[in-house]
Amino acid sequence: MKKLLFGFLILICFLNANATNSVDTKFDMKKKVFVQQLWKLYPEWATGIGYHKYDSVLTVYDAKQRKKEIDFCNNGLKLVASYKNVPLSDLNKTDLYLIETFCQQVIFQVNTQKSYEWNPAEYNVGNSFAYIISENYAPLKRRIDNFYIKLKNVPAYYEAAKQNIKNPSNEYLQLAIDQNEGSLSIFESDYVDSVKAL
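Rules used in this analysis
Residues numbered from 1 in each chain as written. Predicted model: local features only at pLDDT ≥ 70, side-chain atom pairs only at ≥ 80, totals over all residues. Heavy atoms only, no water. Helix = DSSP H or I, 4+ residues; strand = E, 2+ residues; numbered from the N terminus. Buried < 20%, exposed > 50% of the residue type's maximum accessible area, 1.4 Å probe, protein only. Contact = heavy atoms within 4.5 Å. Areas by Shrake-Rupley, 256 points an atom, 1.4 Å probe, with all protein chains shown as cover. Salt bridge = Lys/Arg side-chain N within 4 Å of Asp/Glu carboxyl O. Phe/Tyr/Trp six-rings, centres within 6.5 Å; stacked < 30°, edge-to-face > 60°. Lys NZ or Arg CZ within 6 Å of the ring centre and 35° of its normal. Expected span 1.5 Å × (residues − 1). Arc of directions from axis to C-beta. Patch = residues over 30% accessible without salt bridge, like charges linked within 9 Å, V, L, I, M, F, W, Y side chains within 5 Å. Lys, Arg positive; Asp, Glu negative; His and termini not counted. Charge placed at Lys NZ, Arg CZ, Asp CG, Glu CD. 1 Å grid on protein atoms, 1.4 Å probe; cavity = no way out; pocket = protein on both sides within 12 Å on 5 of 7 lines; lining within 4 Å. Points joined across faces, edges and corners; volume = space filled by probe spheres on them. Nonpolar A, V, L, I, M, F, W, Y, C, P; charged D, E, K, R; others polar.

Secondary structure summary: the protein chain contains 11 helices and zero strands in total. For the protein chain, the α and β elements follow one another from N to C terminus as α-α-α-α-α-α-α-α-α-α-α. Burial statistics for the protein chain: of 198 residues in total, 40% are counted as buried. Within the protein chain, contacts between residues separated by at least 24 positions form 74% of all contacts whose residues are at least 6 apart in sequence. For the protein chain, the computed accessible surface area is about 11,100 Å², with 57% contributed by carbon and sulfur atoms.

Set out below in structure tokens:
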């Protein structure tokens, strides 16, 4: 569900390039700002969809990050409320509801579901690092530099995970172990081979 909502949000910047009135034009500008802030808040997601401005950033999912998410989504819901009864184009109405649904979902996940406390499988840096190494979207040197900068935050990332996890189920714990062990080759061989190739 989260990936589907993320995918829809990606389209927000592109859905209504030709605004039909000044209200739509203003909303287009605000949703572009929303998406830019979204990429900054979720740099791994940005990297995964091909937006590489934040490739060197690794999100440390601690209380400070959760507060940033809640603040961002509360602002997103204020944006939605300010346009709820405004005549927008059909495309912008769709975008408005996508923003609303995304923000409500994040707030629910952080405040109620709290999977960051019971699902250790959410803590795996492998995917974003693998993407940087394996995808040929930029010169290898730049990708290696981003990888290295991002790597410096891994201890803080896993320290936050240790602080967050409370009573994980055995199934999720084993999945987390398997996933993280499976990611080791990214650092032990893929990264090393890439550095040697420079």
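To continue, consider the pattern of salt bridges. By the definition in use, this model includes seven salt bridges. As a salt-bridge pair, Asp28 and Lys31 come within 3.1 Å of each other at their nearest N and O atoms. Within this pair, Asp28 and its partner Lys31 are both found in helix α3 (residues 22-41), separated by three residues, close to a single helical turn. Here Asp28 and Lys31 have matching classes, each one buried. A salt bridge links Glu100 to Lys84; the nearest nitrogen and oxygen atoms lie 2.7 Å apart. With Glu100 in helix α6 (residues 90-113) and Lys84 in the loop between α5 (63-83) and α6, this residue pair connects regions lying 16 residues apart in the sequence. If you follow the salt bridges from partner to partner, you end up with Asp28, Lys31 and Asp95 in one network.

The backbone of Lys114 shows a phi angle near 50°, a positive value even though the residue is not glycine. Tracing the backbone through its elements, the reader meets Lys114 in the loop between α6 and α7 (115-118). Even without glycine at this site, Asn167 takes up a positive phi of about 50°. You can see Asn167 is positioned in the loop between α10 (154-164) and α11 (170-197). Note on Asn167: relative accessible area 73%, which makes it exposed.

Time to look at the packing of aromatic side chains. Tallied over the entire structure, the rule returns 17 aromatic pairs. Feature note: the residues Trp39, Tyr42, Trp45, Tyr51, Tyr54 and Phe102 constitute an aromatic cluster, connected by ring pairs. Above the face of the Tyr137 ring, Arg143 is positioned so that its terminal group lies 6.0 Å from the ring centre.

Taking 1.5 Å of rise per residue, the 12 residues of helix α9 (residues 140-151) would be expected to cover 16 Å, and the 16 Å separating its terminal C-alpha atoms lies within 8% of that figure. What α9 keeps buried is the set Arg143, Ile144, Asn146, Phe147 and Lys150. For α9, the arc enclosing every buried residue in end-on projection is 160°, short of the 170-degree limit, so these residues lie on one face. Residues of α9 that are buried sit in contact with α4 (43-49), α8 (126-134), α10 and α11.

So, on to a positive patch on the surface. A cluster of basic side chains, namely Lys40, Lys53, Lys64 and Lys68, defines a positive patch on the protein surface. The topology assignment puts Lys40 in helix α3.

This brings us to the layout of surface pockets. Taken as a whole, the second largest pocket encloses approximately 170 Å³ of empty space. Taken together, Lys40, Leu41, Pro43, Val57, Leu58, Thr59, Val60, Asp62, Lys64, Gln65 and Lys68 make up the full set of residues lining the second largest pocket. The element best represented in the lining of the second largest pocket is α5, accounting for three residues. Of the residues in the lining of the second largest pocket, the class split is five nonpolar, two polar and four charged.

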